[in-house]
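Spelled out from the first residue to the last, the chains are:
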There are 2 protein chains.
Amino acid sequence: MKGQGRFWNKEVECLELEKARRLQEERFLSIVKWAYAKTPFYKRKFDEAGITPDDIRSVNDVVKIPFTKKDDLRISQENQPPYGEHCALPAEIFQTYWSTGTTGFPTLMGVSKTEADYWLDVVARSLYSTGLRKQAKFHHATQLSSFPGGYLFLSAAQRIGANIIPAGAGNTERHIWLISKLKPTFIKILPSYANYLAEKGYDMGIDMSASSIKQVYLSAEPAPPDLRTMIEKKLGAVTYDNYGLSDIGQPEAYECEAHDGLHVIPDWCLTEIIDPETKEPIHEAGREGVLVYTNLVRKTMPMVRFWTANPSCWKTFDPCTCGRTAPRIMSVYRRVDDMIKVKGVNFWPGAVWSVLKDYAQLTGVHRIFLESREGKEYLRIAAEIKKDVIPEAGGLKNALIERLRSALFIQVDEMELVPPGTLQAAEHKDKAVVDLRKK
Amino acid sequence: MKGQGRFWNKEVECLELEKARRLQEERFLSIVKWAYAKTPFYKRKFDEAGITPDDIRSVNDVVKIPFTKKDDLRISQENQPPYGEHCALPAEIFQTYWSTGTTGFPTLMGVSKTEADYWLDVVARSLYSTGLRKQAKFHHATQLSSFPGGYLFLSAAQRIGANIIPAGAGNTERHIWLISKLKPTFIKILPSYANYLAEKGYDMGIDMSASSIKQVYLSAEPAPPDLRTMIEKKLGAVTYDNYGLSDIGQPEAYECEAHDGLHVIPDWCLTEIIDPETKEPIHEAGREGVLVYTNLVRKTMPMVRFWTANPSCWKTFDPCTCGRTAPRIMSVYRRVDDMIKVKGVNFWPGAVWSVLKDYAQLTGVHRIFLESREGKEYLRIAAEIKKDVIPEAGGLKNALIERLRSALFIQVDEMELVPPGTLQAAEHKDKAVVDLRKK
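Residues numbered from 1 in each chain as written. Chains lettered and ligands numbered in written order. Predicted model: local features only at pLDDT ≥ 70, side-chain atom pairs only at ≥ 80, totals over all residues. Heavy atoms only, no water.

S.K.: What should I look at first to understand the interface of chain B and chain A in this one?
M.R.: It is common to give the size of an interface as the accessible area lost on bringing the parts into contact. Every contact between the two is made by 38 residues of chain B and, on the other side, 38 residues of chain A. For the pair chain B and chain A, the summed buried area comes to about 3,200 Å², and 61% of that belongs to carbon and sulfur atoms. On the chain B side of the contact with chain A, Trp-98, Tyr-151 and Trp-177 of chain B bury the most area, a combined 19% of that side's loss. Between the two partners, chain B and chain A, sit 0 salt bridges. On inspection of chain B and its partner chain A, the count reaches 18 residue pairs in polar contact (both at pLDDT 80 or more). Secondary structure elements with two or more residues in the side of chain B that touches chain A: β1 (95–98), α6 (151–160), β4 (163–166) and α7 (172–182) of chain B. Per-element tally for the side of chain B that touches chain A: the top contributor is α7 of chain B, with 5 residues. Of the residues in the side of chain B that touches chain A, the class split is 22 nonpolar, 12 polar and 4 charged. (Contact = heavy atoms within 4.5 Å. Buried area = accessible area lost by both parts, 1.4 Å probe. Salt bridge = Lys/Arg side-chain N within 4 Å of Asp/Glu carboxyl O. Polar contact = N/O pair within 3.5 Å; in protein donor to acceptor, adjacent residues only side chain to side chain. Helix = DSSP H or I, 4+ residues; strand = E, 2+ residues; numbered from the N terminus. Nonpolar A, V, L, I, M, F, W, Y, C, P; charged D, E, K, R; others polar.)

Okay, structure coming up:
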């Protein structure tokens, strides 16, 4: 029977640490053997590293295995279309997804029926831990196509017994209408879009902080603490963070009601935090490294030591007040991939928002335009001002340019303040940057 | 065990006619009693007609029951938000959908877990009858949000054991890339978008008639025979039609491999064809009337004698070569709702396509702009010409204006021929008309 008290799957969520360790080790050793025996991709990786599965005798031996990077998956799928040389059981595939892919073509990902079923349980645990219950209305406000965050989350919500409202991405007025009409208590949404939704509501004369929404499941992009605070205030609700990449099987970690880090999921993934310099695992709390995952369940397309390029750290190994036993990691606020070069400097688009959010005159909705003008890179930022705000001539603009320069370490060439509703809402991930530079 | 030979659910699909009739009658009498006893909406309808469920003793007595129209549902939901006075079990709702709604706000529709499960079986029967099988790749190229044609069809395909590819609406290049990469055999798509997809392929230098696609499940808009022929040729595949409205529980009828009309689904819906003048049922084949449906399974939000505004007729009551026993109706080529007033004349947007499709120089992609100019209605039609076609000065334009005038009975004020790719593809239903007239 699933769904007891605070837990969807109490047996695994509260598994005694030693038992969890044994279960994880057993699955880990089995998946390593399988990946080597069944896929040319891992066979070659192991051979090149001069190891065989016989060298992997415990979880600690994971360090001997080379990392798998996103580009490895792309090349693997180019060599052997469509699922790649890392696919062991193409005929078993029952659901095909693809990552959004910021550059080039996306990578494909398939899971079998058994794996999809296990995955659903993991998603259900995460939704349940953030308060979704039987008969609750689950408003799904993120993209439904292509990525597991759509279909899979709707199915998992149904497994819990919730009433699904498959609204999808876009059409903000429709979302607001549905919320006012159906009074959902739970919403799954991009953090930046949650902020936009609230602002749009205010523009329409609706106080979204008085809406029916009580839980906000933040999805598919980083949610820094100040953005979360703003969403919680504007929507009058509690936010829950999680971490996950489609390639591995999102989520890989999720927040509980204690809001004290993200619980890893030992029966689903082996979680490592790796020092990016030495490539050695970090075992102590508080020291930042890169998240690396091995999925322990998916045999159809094994994912062994996937290098996420996302920095995080162990938060604590202590028991959580919620009763879940798994260790916790820190929320992931950025992706190394998000970093782009602008005027020769590393530029993290999220830093722009971090500045803009401090200005009460702005809605937070913005766009970053990278252009080429007379052979030089030109950085133009457009930001929406709130309704009825008339910025005094130049004052706000100049203040913003100055604050942005000191935060970004580069000069903003042009700062535009535009009326609310001018900029298309960032209804999808990674839409804040419009790169018009010649490549 | 589901999925035997040609049938997903042989027991009901090949049910002996007399048994089907008895099952239908039993469910019909039960749903009528239920709707009256449990909802103020039907109680009032019955009371106003001076009848009670005791007056309904057989399926033939259905004629005593008043029709339910789309506007009745809207008013019902305004009176008692959100699900309306026709909702018997709001707390049981497990999936909420809403119709696209061409005018005003959409109507909401909810089903219970049991009903959703039955519905899935009906959808699976329809997909199976058009050739979807275990391990086949099911490319879903229609909208995934809001309407049951999305989530429900993905789930039904999984019930069959197919590999789902949840591509959703939009992003034509992505569809073409996925088709070339994953080689799906089965696609679910809007007829107009299927045509656009093929044209887009040709523009990109890809012969879509040589693609992996073998079955095309036409969805969510009417597919006249000449459009079907064009799609079959351009995609090198067989098309299958079906009929369904979300409010009742689509599909309500579907085509089998015999391609000889659409089988009704006696255990799911009571199908009537009603003379729009006399409001009497038509029992003979070949005479056109309006489709009226009573869903026989859905008790959460009963739908009794729903007036679809779609014209059709009985095609035959004879046994089908496929082995299915249910009578068949003719395909539905238009919706009465599609009819709009232009310059005081009834105008059916589909008629424009019927003219354009005869011109080899055109891609078929078009837009109909209704504007107000100097206080008068102005009809502008833009159509894409094929790549490398240079229409001789004015000749094609004038020919089109003349043909359209005689087909539509109104003057086209301006005919624009634009290069391929200029017009946004009709990735959603009912996007061909852009009504810019002042209301």
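S.K.: Before we go on, may I ask you to explain unusual backbone geometry in this structure?
M.R.: Glycine aside, residues mostly have negative phi angles, and peptide bonds mostly take the trans form. For the bond running from Gln-250 of chain A to Pro-251 of chain A, omega is -5 degrees, close enough to zero to count as cis. Assignment of secondary structure puts Pro-251 of chain A in the loop between β8 (242–243) and β9 (253–255). Here the amide bond leading from Pro-81 of chain B into Pro-82 of chain B is cis, since omega sits at -5 degrees, within 30 degrees of zero. Mapping Pro-82 of chain B onto the fold places it in the loop between α4 (70–79) and β1. Its identity as a non-glycine residue notwithstanding, Glu-374 of chain A has a phi of 50 degrees, on the positive side. Mapped onto the elements, Glu-374 of chain A comes out in the loop between β18 (362–373) and β19 (376–385). One non-glycine residue, Lys-279 of chain B, adopts positive backbone phi at about 65 degrees.

S.K.: What is the right way to read the relation of the copies chain B and chain A from this model?
M.R.: What relates the pair of chain copies is a rotation about an axis plus a shift along that axis. Placing chain B over chain A gives an RMSD of 0.1 Å and needs a rotation angle of 180 degrees, together with 0.1 Å of translation along the axis. Given the turn and translation reported, the copies of this chain are related as if by a two-fold rotation axis. Taking C-alpha positions as reference, the residue of chain B nearest the rotation axis is Leu-144 of chain B, located at 3.1 Å. In this assembly the copies share their binding face: 100% of the residues contributing to the interface of chain B also contribute to that of chain A. (Least-squares fit on C-alpha atoms with pLDDT ≥ 70 in both.)

S.K.: Would you mind going over the nonpolar core with me for this structure?
M.R.: Counting 132 residues, the largest nonpolar core has Leu-127 and Phe-138 of chain A together with Leu-127 and Phe-138 of chain B as its most contacted members. Non-local contacts of Phe-138 of chain B, meaning those with residues more than four positions away in its chain, are made with Leu-127, Leu-132, Phe-153, Leu-154, Ala-157, Ala-162, Asn-163, Ile-164, Ile-165, Phe-186 and Lys-188 of chain B. Judged by nonpolar contacts, the second largest core, of 29 residues, contains Ile-179, Ile-187, Ile-231 and Val-365 of chain A. (Core = buried A, V, L, I, M, F, W, Y, C linked by side-chain atoms within 4.5 Å. Buried < 20%, exposed > 50% of the residue type's maximum accessible area, 1.4 Å probe, protein only.)

S.K.: What exactly am I supposed to notice about the sheet that holds strand β12 (residues 289–295) of chain B here?
M.R.: Pairing between the strands of a sheet is mediated by backbone hydrogen bonds and can be parallel or antiparallel. All names here are of chain B. Read across the open sheet, the 3 strands follow the order β11-β12-β13; overall the sheet is antiparallel. Two strands close off the open sheet at either side, each with one partner strand: β11 (269–274) and β13 (306–312). Within the sheet, the average angular offset between the axes of one strand and its neighbour, ignoring direction, is 30 degrees. As paired elements, β11 and β12 share 6 bridges and run antiparallel to each other. Bridging from a neighbouring strand, Ile-274 pairs with Val-290 of β12. (Pairing = 2+ DSSP bridges. Axes fitted to C-alpha atoms, helices over the stretch in contact; angles between N-to-C directions.)

S.K.: Quick question: what am I supposed to make of the sheet that holds strand β19 (residues 376–385) of chain B here?
M.R.: All names here are of chain B. The strand order across the open sheet formed by 4 strands is β20-β19-β18-β21, and the pairing between neighbours is mixed. Edge positions in the sheet fall to β20 (414–418) and β21 (433–435), since each has one partner strand and no second. Strand-to-strand twist of the sheet, defined as the mean angle between neighbouring strand axes without regard to direction, takes the value 20 degrees. With 9 bridges connecting them, strand β18 (residues 362–373) and β19 associate as antiparallel partners. Among the inter-strand pairings, Leu-370 is bridged to a residue of β19, identified as Leu-379. Packed on one face of the sheet, helix α11 (residues 395–408) meets β18, β19 and β20 and runs near 130 degrees to β20.

S.K.: Looking at this structure, how should I read the packing of aromatic side chains?
M.R.: To describe a pair of aromatic rings, you give the distance between the ring centres and the angle between the ring planes. Taken as a whole and assessed by the stated rule, the structure comprises 27 aromatic pairs over all chains. Their ring planes at 45 degrees and their centres at 5.2 Å tell us that Tyr-151 of chain A and Tyr-151 of chain B sit as a pair that is tilted. Taken together, the residues span two chains, with Tyr-151 of chain A in helix α6 (residues 151–160) and Tyr-151 of chain B in helix α6. What links up through ring pairs into an aromatic cluster is the set Tyr-97, Tyr-118, Trp-119 and Trp-268 of chain A. Just above the ring of Trp-307 of chain A sits the side chain of Lys-69 of chain A; from NZ or CZ to the centre is 4.9 Å. (Phe/Tyr/Trp six-rings, centres within 6.5 Å; stacked < 30°, edge-to-face > 60°. Lys NZ or Arg CZ within 6 Å of the ring centre and 35° of its normal.)

S.K.: In this structure, what is going on with helix α4 (residues 70–79) of chain A? I would like to understand it.
M.R.: Helical geometry note: an α-helix holds 3.6 residues per turn, so side chains three or four residues apart project in the same direction. Restricting attention to buried positions, one finds in α4 of chain A the residues Leu-73, Arg-74, Ser-76 and Gln-77 of chain A. Angularly, the buried residues of α4 of chain A cover 165 degrees about the axis, an arc narrow enough to put them on a single face. Looking at the buried positions of α4 of chain A, the neighbouring elements they touch are α3 (40–48), β2 (108–111) and β13 (306–312) of chain A together with α7 of chain B. (Arc of directions from axis to C-beta.)

S.K.: What am I meant to see in the pattern of salt bridges here?
M.R.: In a structure, side chains of opposite charge can pair up when their charged atoms sit close to one another. All names here are of chain A. For the structure shown, the criterion picks out 68 salt bridges over all chains. For the salt bridge of Arg-44 with Glu-85, the shortest nitrogen-to-oxygen distance reads 3.0 Å. Here Glu-85 lies in the loop between α4 and β1 (95–98) and Arg-44 lies in helix α3, a separation of 41 residues in the sequence. Take Arg-44: its relative accessible area is 37%, and that puts it in the partly exposed class. By relative accessible area, Glu-85 is classed as buried at 11%.

S.K.: Mind showing me how you'd approach the side chain of Gln-77 of chain B here?
M.R.: When you line up the elements, Gln-77 of chain B lands in helix α4. Owing to a relative accessible area of 4%, Gln-77 of chain B belongs among the buried residues under this scheme. Here Tyr-83 of chain B takes part through its backbone oxygen, which lies 3.1 Å from a polar atom of the side chain of Gln-77 of chain B. Looking at Gln-77 of chain B, its side chain comes within polar contact range of the main-chain oxygen of Leu-108 of chain B, at 2.7 Å. In contact with Gln-77 of chain B, not counting residues within four places along its chain, are Lys-181 of chain A together with Pro-82, Tyr-83, Gly-84, His-86, Thr-107, Leu-108 and Met-301 of chain B.

S.K.: Help me understand the environment of Leu-178 of chain B, please; the structure alone is not making it clear to me.
M.R.: Among the structural elements, Leu-178 of chain B can be located in helix α7. Sequence separation of Leu-178 of chain B and Ile-273 of chain B is 95 residues, and the distance between their C-alpha atoms is 41 Å. Excluding residues that lie within four positions of it along the chain, Leu-178 of chain B makes contacts with Trp-98 and Leu-108 of chain A together with His-139, Ile-165, Ala-167, Lys-183 and Pro-184 of chain B.

S.K.: Quick question: what am I supposed to make of the packing of helix α7 (residues 172–182) of chain A against helix α8 (residues 191–203) of chain A here?
M.R.: When two helices pack together, their arrangement is given by the angle between their axes and by how far apart the axes lie. Residue and element names in this part refer to chain A. Where α7 meets α8, the axes come as close as 10 Å, and the angle between the chain directions of the two elements is 75 degrees. As far as their axial angle goes, α8 and α7 are roughly perpendicular. For the pair α7 and α8, contact is made by Thr-172, Glu-173, His-175, Ile-176 and Ile-179 and by Tyr-193, Tyr-196, Leu-197, Lys-200 and Gly-201, respectively. (Parallel < 35°, antiparallel > 145°, perpendicular 65-115°, else oblique.)

S.K.: Teacher, can you tell me more about α6 of chain B here?
M.R.: All names here are of chain B. In terms of burial, α6 is a largely internal element, 9 of the 10 residues being buried. Among the residues of α6, Tyr-151, Leu-152, Phe-153, Leu-154, Ser-155, Ala-156, Ala-157, Gln-158 and Ile-160 are the ones counted as buried. One or two residues past the end of α6 sits Gly-161, with phi positive at roughly 100 degrees.

S.K.: Explain the side chain of Glu-384 of chain A here, please?
M.R.: All names here are of chain A. By the element assignment, Glu-384 lies in strand β19. Summary of buried charges: Glu-384 has no salt-bridge partner, and the nearest side chain of opposite charge, Arg-367, is 7.5 Å away. Separated by 3.0 Å, the side chain of Glu-384 and the backbone nitrogen of Leu-423 make a polar contact. Among residues more than four places away in sequence, those in contact with Glu-384 are Gln-361, Leu-362, Thr-363, Gly-364, Val-365, Val-418, Pro-419, Pro-420, Gly-421, Thr-422 and Leu-423. (Lys, Arg positive; Asp, Glu negative; His and termini not counted.)

S.K.: Just checking my understanding: could you explain the environment of His-86 of chain A for this structure?
M.R.: Residue and element names in this part refer to chain A. By the element assignment, His-86 lies in the loop between α4 and β1. For His-86 and Arg-125, which are 39 residues apart along the polypeptide, the C-alpha to C-alpha distance reads 28 Å. Beyond its immediate chain neighbours, meaning those up to four positions away, His-86 contacts Thr-39, Phe-41, Tyr-42, Leu-73, Ser-76, Gln-77, Thr-300, Met-301, Pro-302 and Met-303. A polar atom in the side chain of His-86 sits 2.7 Å from the side chain of Ser-76.

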